[in-house]
Amino acid sequence: MRAVISKNERVAPEFRVSGRISKSVHEVFEAVVDPAQLSGYFTTGGAKGRLETGATVTWDFHDFPGAFPVHVVEVVQDKKIVLHWGAADGTPDQGGSYDTTVTMTFEGLEDGRTLVSIAESGWRDNQAAQKAAFGNCEGWTGMLCALKVYLEHGINLRDGFYK
């Protein structure tokens with residue numbers, strides 16, 4: 001997690017996680033944008049809708065009840081995905097609900113692997129948002145681990161993990 005705080009200025013939390021996967025950029029990218037594949041390792045309750053610019057899809061997780069709407073802002077084939085989704089900081093009384101921005105990038109490495117980076121920003125500057133950001137950082141790290149194991153070994157790492 002990266003947060004820079006000076007004496008007179010506070011900065012809302014944001015973070016970036018990264019991992020290397022031993023598959024081509026195209027294979028890794030497709031495993032994220034394709035709802036059938038995403039449901040095989042990440043969205044424990046299922047994903048509905050392909051990630052395409054302008055689409056709104058739903059992701060469901062057994063560890064968080066209900067399906068979440070995910071608004072797809074931008075998709076650049078085999079390079080980048082930008083999403084907006086509701087911040088899970090539980091502070092609707094402090095200005096209403098709001099979205100954070102998730103940016104995923106995919107970079108082919110010289111050794112044939114793919115570097116996937118996921119950043120999330122746009123959190124409010126309060127304790128509840130910091131807690132939620134830490135939780136999402138954990139979630140995105142878990143997603144990268146599950147993606148790696150799914151693509152490299154065909155195993156759903158999250159199967160039975162939460163429920």
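Refer to the structure above for everything that follows.
Residues numbered from 1 in each chain as written. Predicted model: local features only at pLDDT ≥ 70, side-chain atom pairs only at ≥ 80, totals over all residues. Heavy atoms only, no water.

(A) Layout of the nonpolar core. Counting 39 residues, the largest nonpolar core has Trp 59, Met 104, Trp 140 and Met 143 as its most contacted members. Listing elements by their share of this core, those giving two or more residues are β1 (15–21), α1 (25–33), β3 (56–61), β4 (64–76), β5 (80–86), β6 (99–108), β7 (114–121) and α3 (127–153). For this core, the element with the most residues is α3, which contributes ten residues. Setting aside chain neighbours within four positions, we find Met 143 in contact with Val 32, Leu 38, Tyr 41, Phe 42, Met 104 and Ile 118. (Core = buried A, V, L, I, M, F, W, Y, C linked by side-chain atoms within 4.5 Å. Buried < 20%, exposed > 50% of the residue type's maximum accessible area, 1.4 Å probe, protein only. Helix = DSSP H or I, 4+ residues; strand = E, 2+ residues; numbered from the N terminus. Contact = heavy atoms within 4.5 Å.)

(B) Quick peek at the environment of Cys 137. Along the chain, Cys 137 turns up in helix α3. By relative accessible area, which is 15% here, Cys 137 ends up buried. Considering only alpha carbons, one finds Cys 137 and Val 17, 120 residues apart in sequence, at a separation of 7.3 Å. Beyond its immediate sequence surroundings of up to four residues, Cys 137 is in contact with Phe 15 and Val 17.

(C) Up close: the sheet that holds strand β2 (residues 46–48). What the seven strands build is an open sheet, ordered β1-β7-β6-β5-β4-β3-β2; its pairing is antiparallel. On the outer flanks of this sheet lie β1 and β2, each paired with one strand and no other. Each strand axis lies, on average, 20 degrees off the axis of its neighbour in the sheet, ignoring direction. Here β4 pairs with β5 via six bridges, running antiparallel. When the bridges of β5 are listed, Val 72 appears paired with Leu 83. (Pairing = 2+ DSSP bridges. Axes fitted to C-alpha atoms, helices over the stretch in contact; angles between N-to-C directions.)

(D) Just the side chain of Thr 114, in detail. Its location among the elements puts Thr 114 in strand β7. On the accessibility criterion, Thr 114 (0% relative accessible area) is buried. Polar contacts involving the side chain of Thr 114 include one to the main-chain carbonyl oxygen of Lys 23, which spans 2.7 Å. A polar side-chain atom of Thr 114 sits 3.4 Å from the main-chain carbonyl oxygen of Ser 24. Residues contacting Thr 114, with those up to four places away along its chain left out, are Gly 19, Arg 20, Ile 21, Lys 23, Ser 24, Val 25, Val 28, Phe 106, Glu 107 and Leu 109. (Polar contact = N/O pair within 3.5 Å; in protein donor to acceptor, adjacent residues only side chain to side chain.)

(E) Representation of the packing of α1 against α3 in the model. Viewed as axis vectors pointing N to C, α1 and α3 meet at an angle of 120 degrees, and their least axial separation amounts to 11 Å. Considering their axes alone, α1 and α3 lie oblique with respect to each other. The element α1 and its partner α3 pack so that their crossing is right-handed. Of α3, the residues touching α1 (which contributes Glu 27, Val 28, Ala 31 and Val 32) are Met 143, Leu 147 and Leu 151. (Parallel < 35°, antiparallel > 145°, perpendicular 65-115°, else oblique. Left-handed = near helix turned anticlockwise from the far one by under 90°.)

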